[in-house]
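Residues per chain, in single letters:
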Amino acid sequence: MISLTFCIYIDPAHALHDFQLKVELPKDFLNPVRYICFSPRLMALMFNLILFGPPGSGKGTQSEKLVEKYGLVHLSTGNLLREEIAGKTPLGMEAKNFMDKGQLVPDEVVIGMIDNSLDHHKEAIGFLFDGFPRTVAQAVALDKLLELKGSSISLVLALEVSEEELVKRLLNRGKTSGRSDDTHEDVIRKRFAVYQRETEPVAVHYKQEKKFQSIKGEGSVDDIFNTVCAAIDKKMK
Ligand code: AP5
Ligand code: MG
């Protein structure tokens, strides 16, 4: 018996031109332009973005706007961990001990979470990784997980913001966010130190692969968003 599998992918950026059939759907059906394709090579056409940058640089803020525009699946390990804490799961309780001190949660815990999340979104046209990878070990693991799917990281965009601006933003957010790691300046400074020691080497990893690009992360949210979109659109072409 011969069976055919049809995959429907959303292409909001109109960047993927070479599929066999283009279908116009009503405007209120998530996104007006969709493509039906017949080839597994599409996996290689997934667009996988890492939004990189220190605590408070605007990764979460920009991610919200980017997933709306590009239809990527947003994977924030910080958000996933906070959901575990809110659900009072054993994983959440273990993670909280590290997060409250501004330390990183062990690699195997976050890599496992990302592995599960990738499996839960087999339909994704691409992923937006926010706050992951944060160590070189996580970056190597992510490369392998994507390779198993016949895919890879397309682009790493790093938001550059001065430390004083970051402290100001996080203390300000701490007044209303309920995030225990935003309330004390010493914990915030500890997060920066961890970022420099553990996470900055991840930039080197992606620079070697020529996938890394810095973006000025200060200014209005919309101006930064426009710059980020320009970098993505250029890469998608
Ligand atoms: P996580 O939740 O990832 O936090 P973070 O990286 O410390 O970053 P933030 O979420 O604080 O900042 P953001 O860059 O998202 O900025 P945002 O848009 O919110 O991680 C928390 C903890 O979880 C870690 O410390 C660790 O313990 C653990 N963890 C998470 N991932 C892990 C991993 N992979 N491995 C190990 N452990 C992990 O903006 C910040 C504020 O600024 C907001 O109030 C916002 O409104 C404001 N703002 C944004 N843009 C602007 C702008 N342009 N101008 C002015 N204000 C702005
Ligand atoms: Mg965030």
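In case you missed it, the structure is sitting above this.
Residues numbered from 1 in each chain as written. Chains lettered and ligands numbered in written order. Predicted model: local features only at pLDDT ≥ 70, side-chain atom pairs only at ≥ 80, totals over all residues.

## Here's the deal with the site of ligand 1
Part 1 of the reasoning: Surrounding ligand 1, one finds 28 residues, the nearest of these being P55, G60, T61, G78 and G131.
Part 2 of the reasoning: Put simply, the parts of the chain that give the shell around ligand 1 at least two residues each are α1 (59-70), α2 (77-86), α3 (90-100), α6 (163-177) and α8 (221-236).
Part 3 of the reasoning: Counted by class, the shell around ligand 1 contains 10 nonpolar, 12 polar and 6 charged residues. (Near = placed C-beta within 6 Å. Helix = DSSP H or I, 4+ residues; strand = E, 2+ residues; numbered from the N terminus. Nonpolar A, V, L, I, M, F, W, Y, C, P; charged D, E, K, R; others polar.)

## Observations concerning unusual backbone geometry
Part 1 of the reasoning: The linkage connecting F132 with the following residue, P133, adopts the cis geometry, with an omega of 0 degrees.
Part 2 of the reasoning: Along the chain, the position of P133 falls in the loop between β6 (127-130) and α5 (136-148).
Part 3 of the reasoning: Positioned with a positive phi, K88 is a non-glycine residue whose angle comes to about 50 degrees.
Part 4 of the reasoning: Looking at the secondary structure, you find K88 in the loop between α2 and α3.

## Some details on the nonpolar core
Part 1 of the reasoning: Residues L49 and L128 are the most contacted members of the largest nonpolar core, which totals 37 residues.
Part 2 of the reasoning: What L128 contacts, discounting residues up to four positions off in sequence, is L49, L51, S63, L66, V67, L72, V73, H74 and L75. (Core = buried A, V, L, I, M, F, W, Y, C linked by C-beta atoms within 7 Å. Buried ≥ 20, exposed ≤ 12 C-beta atoms within 10 Å, placed from the backbone. Contact = placed C-beta atoms within 7 Å.)

## So, α6
Side chains three or four residues apart in an α-helix point the same way, a direct result of the helix having 3.6 residues per turn.
Part 1 of the reasoning: Taking 1.5 Å of rise per residue, 15 residues should cover 21 Å, and α6 covers 20 Å from first to last C-alpha, within 8% of that figure.
Part 2 of the reasoning: Two residues or fewer after α6 comes G178, characterised by a positive phi angle close to 75 degrees. (Expected span 1.5 Å × (residues − 1).)

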